[in-house]
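Below are the chains, spelled out letter by letter.
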Amino acid sequence: MATFTTMQNIFCLCLMLSLFTVGVGSFGVAELGNISDDVDELYNVHMNGLDIIKDVNICVLRIVREEKDLIISTSESENNAQLKAMHEEYSDLDNYLKEIPKYFISIEAQKLIPQLLAVISDWRNVHKKVVELGSTTDPAMNAKAQQLSSTEGRQKTRKLAETIRAVADTKMDFARNVSTQSRKDYVHARNVTVFGVVL
C-alpha cells in the first residue's frame, strides 16, 4: 500500500511538472507570437509608411526644382523638357499618395491623411498657376511666375514640408511605441521563463 501511494505521489508530481512545463511553454509561444506581430507591424506598417512619406517628400522637392528650372528656361525645348519631368514626378506622387492609406491604419494615423491631402491640394493649385505663367518664353510672364513662386508658392511649399515632417514624426512615434511594447513582451516572457526554470 505504501509503495502504491508513493507511486501515486510521483505520478501526480510528474503530472504537475508536465502541466507547468506546458503552461510555461504555451505562454512563451504566445509571447513570441506577440513579438512577431509587433515586428511585422513595425516593418510592414510603420517603416514602409515612413518610406512612402519619404518618397512623397522627394517628389515634391523634385517638382519644386523643375518649377524653378522652368521659370528660368529660355527656349521652348527646355520648357517641354521641364514640363515632361514634372508630369512624371506628379505621376509618381499620385501613386505614392494612393499607397499611403495602407500604412496609416490606426484612427490617429487616419486623421493625418485628409490633412496631408488638403495641404498637397493647396500647394498643387498654386504650382499649377506658376507653371501656366512660366511655361512660355515671355520674360514678363516668367517674371510673374517667379513672383508667384517666391511668395505664395514658397508659403505653400513650406506648409507642405511642415505637414510632411509632422506626419513622419507621428509615424516615428507609432514605431517607437510598437518597439517599446515588443521589448516589454520580450522581458515579460523572459522573466516568466526564467522563473519557471528556477522552479
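Residues numbered from 1 in each chain as written. Predicted model: local features only at pLDDT ≥ 70, side-chain atom pairs only at ≥ 80, totals over all residues. Heavy atoms only, no water.

S.K.: Please clarify how the overall build of the chain should be interpreted in this entry.
M.R.: Across its full length, the chain holds five helices and zero strands. Along the chain, from the amino end to the carboxyl end, the secondary structure elements read α-α-α-α-α. Looking at the chain as a whole, 32% of its 199 residues are labelled buried. Looking at the chain alone, contacts between residues at least 24 apart form 79% of all its contacts between residues at least 6 apart. (Helix = DSSP H or I, 4+ residues; strand = E, 2+ residues; numbered from the N terminus. Buried < 20%, exposed > 50% of the residue type's maximum accessible area, 1.4 Å probe, protein only. Contact = heavy atoms within 4.5 Å.)

S.K.: Got a minute to help me understand the packing of helix α2 (residues 76-99) against helix α4 (residues 112-134) in this structure?
M.R.: Remark: α2 packs on α4, axes separated minimally by 13 Å, with the N-to-C direction vectors making an angle of 170°. Comparing the axis directions of α2 and α4 gives the class roughly antiparallel. For the pair α2 and α4, the contacting residues are N79, L83, M86, Y90, L93, D94 and L97 in the first and L117, I120, W123, R124, H127, V131 and G134 in the second. Residue composition of the contact of α2 with α4, by class: nine nonpolar, three polar and two charged. (Axes fitted to C-alpha atoms, helices over the stretch in contact; angles between N-to-C directions. Parallel < 35°, antiparallel > 145°, perpendicular 65-115°, else oblique. Nonpolar A, V, L, I, M, F, W, Y, C, P; charged D, E, K, R; others polar.)

S.K.: Looking at this structure, I do not really get the pattern of salt bridges. What am I missing?
M.R.: Two side chains of opposite charge can pair, provided their charged atoms sit close to one another. A full pass over the atoms with the stated rule returns seven salt bridges. The closest approach of N and O atoms between D94 and R124, which form a salt bridge, is 2.8 Å. Pair noted here: D94 is in helix α2 and R124 is in helix α4, with a separation of 30 residues, a long-range link. A salt bridge links E99 to K102, with the shortest nitrogen-to-oxygen separation between them at 2.7 Å. Look at E99 and you get partly exposed, because its relative accessible area is 29%. (Salt bridge = Lys/Arg side-chain N within 4 Å of Asp/Glu carboxyl O.)

S.K.: What exactly am I supposed to notice about the confidence of the model for the chain here?
M.R.: Per-residue pLDDT for the chain has a mean of 80; in total, 74% of the residues score no lower than 70. Here helix α1 (residues 2-72) stands out as the least confident element of the chain, with mean pLDDT 73; α4 is the most confident, with 92. (pLDDT = per-residue confidence, 0-100.)

S.K.: I would appreciate a short explanation of the packing of aromatic side chains in the present structure.
M.R.: Two numbers describe a pair of aromatic rings. These are the distance of the centres and the angle of the planes. Under the definition given, this model contains one aromatic pair. An angle of 45° between the planes, with centres 6.1 Å apart, marks the rings of Y90 and W123 as tilted. Note that Y90 is positioned in helix α2 and W123 in helix α4, a separation of 33 residues in sequence. Residue classification places Y90 among the buried positions, given a relative accessible area of 14%. We classify W123 as buried; its relative accessible area is 2%. (Phe/Tyr/Trp six-rings, centres within 6.5 Å; stacked < 30°, edge-to-face > 60°.)

S.K.: Quick question: what am I supposed to make of the nonpolar core here?
M.R.: Side chains that are nonpolar tend, in soluble globular proteins, to be buried together. Grouped together as the largest cluster of nonpolar side chains are 26 residues, with contacts concentrated most on I53, V56, L93, I100, F104, W123 and L160. Mapped by element, the contributors of at least two residues to this core are α1, α2, α4 and α5 (139-198). Examining the composition of this core, we find that eight residues originate from one element, α1, more than from any other. Ignoring anything within four residues of it in the chain, the contact list for L160 reads V60, L116, V119, I120 and W123. Within the second largest apolar cluster, five residues are counted, among which are I71, V126, A145 and L148. (Core = buried A, V, L, I, M, F, W, Y, C linked by side-chain atoms within 4.5 Å.)

S.K.: Explanation requested: the environment of E132 in the structure shown.
M.R.: Assignment of secondary structure puts E132 in helix α4. Separated by 13 residues in sequence, E132 and A145 have C-alpha atoms that sit 8.0 Å apart.

S.K.: Looking at this structure, I do not really get a nonpolar patch on the surface. What am I missing?
M.R.: Together, F11, L15 and L19 give the surface a local cluster of nonpolar side chains, amounting to about 330 Å² of exposed area. What makes L19 exposed here is its relative accessible area of 55%. (Patch = residues over 30% accessible without salt bridge, like charges linked within 9 Å, V, L, I, M, F, W, Y side chains within 5 Å. Areas by Shrake-Rupley, 256 points an atom, 1.4 Å probe, with all protein chains shown as cover.)

S.K.: Help me understand the environment of M172, please; the structure alone is not making it clear to me.
M.R.: Take M172: it is sitting in helix α5. On the basis of relative accessibility, which here comes to 31%, the residue M172 falls in the partly exposed class. Along the backbone, M172 and G49 are 123 residues apart, and their C-alpha atoms lie at a distance of 9.6 Å.

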